[in-house]
Amino acid sequence: MNGHQLNDLPDESEQMRPYVICLRRQILQTNDLSVQTFSDNFLIKFLRARDFDVALSSKLLLNYLQWRKDSPEISSCLSPSSVLGLLSTSYHAVLPQRDHTGSRVLIYRIGQWNPKEWSAFHVFRISLMTSEIISMETETQRQGLKAIFDLQGWSLGHALQINPSLAKKISSVLSDSFPLKVRGIHLVNEPVLFRPVFAMISPFLPEKIKQRVHIHGTAFHNTLREFFLPHVLPVEYGGEGPGIEEVCQGWTNQLLESENLLKQIAAHPTGDICDYLHFQKKLKVNSCRNDDV
Ligand SMILES: Cc1c(C)c2c(c(C)c1O)CC[C@@](C)(CCC[C@H](C)CCC[C@H](C)CCCC(C)C)O2
């Protein structure tokens, strides 16, 4: 069975077991990680993201843990209410409809971000929270996502927030540090001032992702339609779906409802709380044995 056929199977499928076991074994062999536990669901996210190539999945997983460790400003506080002021400006939405291939479609309206009020870390945090939530969906694990960036209103104030270290973090999550397949990046309304920033990010992007970047300019109403069916896009973006304000409000509510879940992910990034409790029990048993010796 090839990776695509495996990806079509549900999480509980017996044929998936050997891959989960193999990935767990491979990860536990890596130094420093022997005290962590990894839930099946957590491991399956990485396997699906790499179509069940265990070596690639393992590399992705290690990169993910490293990225989170290196980016505490972004990943340690996954609280939607901490960025509610930014979410309330209709900055971001996951559209209610998937595209024709089953991908999730995300919109970021960068111009709604006031860089005097919110740092790039806050802004990044929103993307990370959304990514954690949608990456729990099996269909999204299979078909990935497409992101539309509306850069109307991009200013020097925005540009100054993006330094080389942040550009590196952006390109890492897009390429090999997060278990989501990035199947398209659409830039619309990009001003000339955005070019130097894009030039800072793109050298770090693998060729495969670079080919998926589409720069639409201001005439995007016609060109976005070549990628998305009318019922998928909000009216403001040339579609016939619900308006952007409404979809942003809807996703903000979804994020707020996920507050507890996201806090749990920030605290125990490698799996669910049940596995964590199980692990603590195991640890207790082990330490008792050590006491005996
Ligand atoms: C897993 C995952 C994450 C975490 C993610 C994105 C995607 C597609 C993901 O799959 C896209 C957005 C990004 C990279 C966060 C960006 C935060 C910064 C501060 C926004 C500033 C504006 C960017 C200069 C706009 C252009 C970026 C494109 C060239 C990708 O976070």
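No experiment lies behind these values; they were computed from the predicted model shown.

Now for helix α7 (residues 120-134). The end-to-end C-alpha separation of α7 is 21 Å, in line with the 21 Å expected for 15 residues at 1.5 Å each. Within α7, 13 of the 15 residues are buried, leaving the element largely enclosed by the surrounding structure.

Strand order in this open sheet of five strands is β1-β2-β3-β4-β5, and the pairing throughout is mixed. Of all strands in the sheet, those bounded by a partner on one side alone are β1 (92-94) and β5 (213-217). Each strand of the sheet is rotated relative to its neighbour by a mean of 15°, with strand direction disregarded. Where strand β4 (residues 182-188) lies against β5, four bridges are found, and the strand directions are parallel. Across the sheet, residue His186 finds its bridge partner in β5, namely His214.

Among the nonpolar cores identified, the biggest contains 81 residues, and Leu23, Leu61, Tyr91, Trp113, Ile148, Trp154 and Leu224 are the most heavily contacted of them. At eight residues, α7 tops the list of elements feeding residues into this core. If you count residues domain by domain, this core takes at least three from each of domain 1 (3-70 + 258-292) and domain 2 (75-257). Ignoring any residue separated from it by four or fewer positions in sequence, one finds Tyr91 in contact with Leu86, Ile107, Tyr108, Arg109, Ile110, Gln112, Trp113, Val123, Ile126 and Cys248.

Turning our eyes to something else, we now look at the packing of aromatic side chains. Given two aromatic rings, one states the distance between the centres and the angle between the planes to describe the pair. According to the stated counting rule, one finds 12 aromatic pairs in the structure shown. Look at Trp154 and Phe194: their rings are 5.1 Å apart centre to centre, the planes differ by 90°, and that puts the pair in the edge-to-face class. A residue pair is termed long-range when its members are at least 10 positions apart, and Trp154 in the loop between β3 (145-150) and α9 (156-159) and Phe194 in the loop between β4 and α11 (195-201) qualify at 40 residues. Side by side, Trp154 and Phe194 carry an identical accessibility label, which is buried. In textbook terms, an aromatic cluster arises when at least three aromatic residues are bridged by ring pairs, as seen for Phe38, Phe42, Phe46, Tyr64 and Phe178.

As a further point, take the site of the ligand. Near the ligand, the surroundings consist of 17 residues, among which Ser127, Ser131, Leu145, Leu174 and Phe178 are the closest. With the chains in place, 99% of the 700 Å² that the ligand exposes on its own is no longer accessible. For the shell around the ligand, the element with the most residues is α7, which contributes five residues. Of the residues that constitute the shell around the ligand, the class distribution is 15 nonpolar, two polar and no charged.

In this section: the domain arrangement of the protein chain. Domain boundaries in the protein chain define domain 1 (3-70 + 258-292) and domain 2 (75-257). Both sides of the domain 1 and domain 2 interface together cover about 2400 Å² of buried area, and 53% of this is carbon and sulfur. Among the residues domain 1 hides against domain 2, the three largest losses belong to Lys45, Trp67 and Leu262. Together they make up 30% of the total. The shortest N-O distance in the salt bridge between Asp51 and Lys181 comes to 3.1 Å. Applying the counting criterion to the domain 1 and domain 2 interface returns 21 residue pairs in polar contact (both at pLDDT 80 or more). Of all elements in the fold, only α1 (3-8), α3 (40-49), α4 (54-70) and α15 (259-267) reach the threshold of two or more residues within the side of domain 1 that touches domain 2. Element by element, the count of residues in the side of domain 1 that touches domain 2 is highest for α4, at seven residues.

Between α3 and α4, the least distance of the axes is 8 Å, while the angle of their chain directions is 120°. Judged on the interaxial angle alone, α4 and α3 are oblique. In this structure, α3 crosses over α4, and the sense of that crossing is right-handed. Where α3 abuts α4, its residues Phe42, Leu43, Phe46, Leu47 and Ala49 lie against Val54, Ser57, Leu60, Leu61 and Tyr64. Split into classes, the residues belonging to the contact of α3 with α4 amount to nine nonpolar, one polar and no charged.

How each quantity is defined
- Residues numbered from 1 in each chain as written.
- Predicted model: local features only at pLDDT ≥ 70, side-chain atom pairs only at ≥ 80, totals over all residues.
- Heavy atoms only, no water.
- Helix = DSSP H or I, 4+ residues; strand = E, 2+ residues; numbered from the N terminus.
- Expected span 1.5 Å × (residues − 1).
- Buried < 20%, exposed > 50% of the residue type's maximum accessible area, 1.4 Å probe, protein only.
- Pairing = 2+ DSSP bridges.
- Axes fitted to C-alpha atoms, helices over the stretch in contact; angles between N-to-C directions.
- Core = buried A, V, L, I, M, F, W, Y, C linked by side-chain atoms within 4.5 Å.
- Domains from an automatic or database assignment.
- Contact = heavy atoms within 4.5 Å.
- Phe/Tyr/Trp six-rings, centres within 6.5 Å; stacked < 30°, edge-to-face > 60°.
- Near = heavy atom within 4 Å.
- Areas by Shrake-Rupley, 256 points an atom, 1.4 Å probe, with all protein chains shown as cover.
- Nonpolar A, V, L, I, M, F, W, Y, C, P; charged D, E, K, R; others polar.
- Buried area = accessible area lost by both parts, 1.4 Å probe.
- Salt bridge = Lys/Arg side-chain N within 4 Å of Asp/Glu carboxyl O.
- Polar contact = N/O pair within 3.5 Å; in protein donor to acceptor, adjacent residues only side chain to side chain.
- Parallel < 35°, antiparallel > 145°, perpendicular 65-115°, else oblique.
- Left-handed = near helix turned anticlockwise from the far one by under 90°.

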